[in-house]
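The primary structure of each chain is shown beneath.
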Amino acid sequence: MIKITDLHANVEGKEILKGINLEVRAGEIHAIMGPNGSGKSTLASVIAGRDSFEVTQGEIEFEGKNLLEMSPEDRANAGIFLSFQYPVEIPGVSMTNFMKAAVNEQRKYKGLEPIKPAEFLKMLREKAALTGMDSTLISRPVNEGFSGGEKKRNEIFQMAILDPKLAILDETDSGLDIDALRIVSEGVNKLKSPDNALILVTHYQRLLDYIVPDFVHVLYKGKIVKSAGKELALELEEKGYDWLKDMDI
Amino acid sequence: MSYKDIYDIAANLSESLFPCYINCFRDKAFDKIKNSGFPDFKQEKYKYTPLASIFEGEYLPVNPYEWKKPAESDFPEVSDAIKIYTVNGVCINNEIKSESGFVYGSLVLASRECEEIVEKHYNHLADNTDLPAALNIATALSGVFVAVAPGVETTRPLMIINIVDSDSNIFSQQHNLFVFGENSIAEIIECNIGISDASTLTNNLSEIVIAQNAQVDFTRVHDKGLLSKHVSADYIRQYEGSSFNHSNIIVGGGLVRQNTEVHLIEKHCYSNLYGLVIADEKQHVDNYTFIDHAAPECQSNELYKSILNDKAVNVFNGRILVRPDAQKTAAYQSNKNVLLNTGAKIYTKPQLEIYADDVKCSHGATVGQLNEEAMFYMQSRGISKSTAQLLLMSGFANEILDKIKNPEFKEFVLSRIEKKIRN
């Protein structure tokens, strides 16, 4: 589905990603772990197309397309979804209008007519129920006054509506208590299918108790230094990241 | 013709149009102009919008007996509103009507048919030392009169549609008078439209009297062509327990200068002033507001917002005066601006003068760009850059647009703003 080859990226002239190689196939769940500042969020942002990051070398191929040549909105409409570590508040824009604009742009991209209001409202209700999103939040401005847990749940709610092929969850577990983590994880698991794929960017192992990855990668100083099965996460939990410092990178 | 010629014409025509209790103000007002001239940049109040160069230009006077019917497609549709049309300042229906609680019509007729009320209030609120106002008092020959009797709750909005329609550089003026009786309730919508590409000048003045416990909602929209120049002043006087909402939305117009003065002269008045400016190209917009807290225990809230593109210039000068007797005043002011590029300019100036010691007052101003994080957030959901910008701008404007009570008129304003933003 997505193939990242020798990806280098800079932010404000400083190289953060120093040659990432990663391939994710349909149906797979990959976890990317690593200490603070290793480049995990940068990788997520580069895939989604944030323009403050400059790709200096390498390629990202998504379903045969050159992703790096696409605008963020085209990437989204092609099936990429980024769940933000810090979801953005947008005063004055209601969740309903925000999601209606997103759904209709996606439909336009697929050559479909705009969604009918009744159908749209039905979809909002269904997806809110599926992801445990409080339906009173839907009429409110985007993320404004939402609690930390509500914001993260809102990300998964949007993911449910847009039904992406590849979802990247950037530190979705941060700021969540155990109950909220369980609800958000249940939502994600319900959305998982053999046709889509997930990249979980996380610091801690605990999210992986709820969403079980097929592969775990350790990112350190802008490179993937170790890849293995889900048992690697447990090992990291036990040993921490200090052992990385002894490696010659 | 210069404004001096226009004064001569007014002096000739005014006697046949208005009674002497109105005409008696003209000479003194004109003397003021002769003595001090129009304000240039040296006068603080007009620093960024010197009016001298505008008023000292050459214009054609409007014949107060003549009007031509404009094309109706340009009008906003508010189906349940009572409508008053003026073309180049002149009321096109020369009659006084009584409908749904309103008494309304041409000021020329009202000055005779409703003499008692017009004589009591005409030129009792306007600031005769302000030069554009003085010119209006000296030379205006037409206007709109609206009154609501004490205790009357009007059932429909009253909509005034002012149209400037001329192929030449005409100079049009209106002197409007609004009188809302005790305990009355009313909603007024004023729409200023231009169907002219000429370099027209408009100098309107409104006096608005709000008696004890009356509740008045006043929404005004400016949407004229890029060559038009529009100067307008509202003088509002509020009596005990009254409440007033003033929403002032400026979308079009080459130059728009709006003075809004609210005098809270008895206790427990409540006043909200909202403003929205959407300007681009070389538009120049200047809002001057003055809230005079002259009585205790009144509250005023002021929120002005703008979105500026291209080389547009916006000025906000918000003066609040809390007089020594106005204890327990609450006065809040906020001015928020979004600049879409480096060519646009905003001059913002709060001006608080507080002479009472037990008051709550605040003011603040912000200038920023569209939030880049929010832009990326929306784009990452598949929303195109232009739609994301539109959503953000509408979101910013909504805080003001939500104050528009009438849903159809709100829809009309939204469509004009959306059209403007999309271009």
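All of the points below concern the structure found in this document. (Residues numbered from 1 in each chain as written. Chains lettered and ligands numbered in written order. Predicted model: local features only at pLDDT ≥ 70, side-chain atom pairs only at ≥ 80, totals over all residues. Heavy atoms only, no water.)

**Observations regarding the interface of chain A and chain B**
Then, in step 1: Taken together, the contact between chain A and chain B spans 27 residues of the former and 18 residues of the latter.
Then, in step 2: With both chains or domains summed, chain A and chain B bury close to 1900 Å², and 63% of this area falls on carbon and sulfur atoms.
Then, in step 3: Among the residues chain A hides against chain B, the three largest losses belong to A:Glu73, A:Val88 and A:Glu105. Together they make up 26% of the total.
Then, in step 4: Where chain A touches chain B, the interface holds two salt bridges.
Then, in step 5: Among the ionic pairs, B:Arg381 bridges to A:Glu155, the shortest N-O distance being 2.7 Å.
Then, in step 6: Linking chain A to chain B there are 13 residue pairs in polar contact (both at pLDDT 80 or more).
Then, in step 7: Listing elements by their share of the side of chain A that touches chain B, those giving two or more residues are helix H2 (72-78), strand S6 (80-83), strand S7 (90-94), helix H3 (95-109) and helix H5 (148-162) of chain A. (Contact = heavy atoms within 4.5 Å. Buried area = accessible area lost by both parts, 1.4 Å probe. Salt bridge = Lys/Arg side-chain N within 4 Å of Asp/Glu carboxyl O. Polar contact = N/O pair within 3.5 Å; in protein donor to acceptor, adjacent residues only side chain to side chain. Helix = DSSP H or I, 4+ residues; strand = E, 2+ residues; numbered from the N terminus.)

**As for the environment of A:Gly27**
Residues and elements named next belong to chain A.
Then, in step 1: Relative to the helices and strands, Gly 27 resides in the loop between strand S2 (14-24) and strand S3 (29-33).
Then, in step 2: Measuring from C-alpha to C-alpha, the distance between Gly 27 and Glu 63 comes to 14 Å, with 36 residues separating the pair along the chain.
Then, in step 3: Once you skip the residues sitting within four places of it in the chain, Gly 27 turns out to touch Lys 192, Ser 193, Pro 194, Asn 196, Ala 197 and Asp 214.

**Quick word on the nonpolar core**
Then, in step 1: Core analysis: the biggest nonpolar cluster contains 125 residues, and A:Ile47, A:Leu166 and B:Phe409 have the highest contact counts within it.
Then, in step 2: For this core, the leading source of residues is helix H9 (residues 385-401) of chain B, giving nine residues.
Then, in step 3: Residues lining this core come from more than one domain, with at least three contributed by each of domain 1 (3-266) and domain 2 (370-423) of chain B.
Then, in step 4: Once residues lying within four places of it in the same chain are set aside, the contact partners of A:Ile47 are A:Ile2, A:Ile4, A:Ile60, A:Leu67, A:Arg75, A:Ile80, A:Ile168 and A:Ile199. (Core = buried A, V, L, I, M, F, W, Y, C linked by side-chain atoms within 4.5 Å. Buried < 20%, exposed > 50% of the residue type's maximum accessible area, 1.4 Å probe, protein only. Domains from an automatic or database assignment.)

**Digging into the packing of aromatic side chains**
Residue and element names in this part refer to chain B.
Then, in step 1: Summed over all chains, the structure comprises 15 aromatic pairs over all chains.
Then, in step 2: Geometrically, the ring pair formed by Tyr 304 and Phe 316 is tilted, given 5.1 Å between the ring centres and 35 degrees between the ring planes. Note that Tyr 304 is positioned in strand S17 (residues 299-308) and Phe 316 in strand S18 (residues 313-322), a separation of 12 residues in sequence.
Then, in step 3: Cluster of aromatic residues (ring-pair linked, three or more members): Tyr 3, Tyr 7, Phe 30, Phe 38, Phe 55, Tyr 59 and Phe 171.
Then, in step 4: The residue whose ring lies beneath Lys 305 is Phe 396, and the NZ or CZ to ring-centre distance is 4.2 Å.
Then, in step 5: Over the ring of Phe 290 we find Arg 319, and its NZ or CZ is 4.4 Å from the ring centre. (Phe/Tyr/Trp six-rings, centres within 6.5 Å; stacked < 30°, edge-to-face > 60°. Lys NZ or Arg CZ within 6 Å of the ring centre and 35° of its normal.)

Keep in mind these values describe shape, not function.
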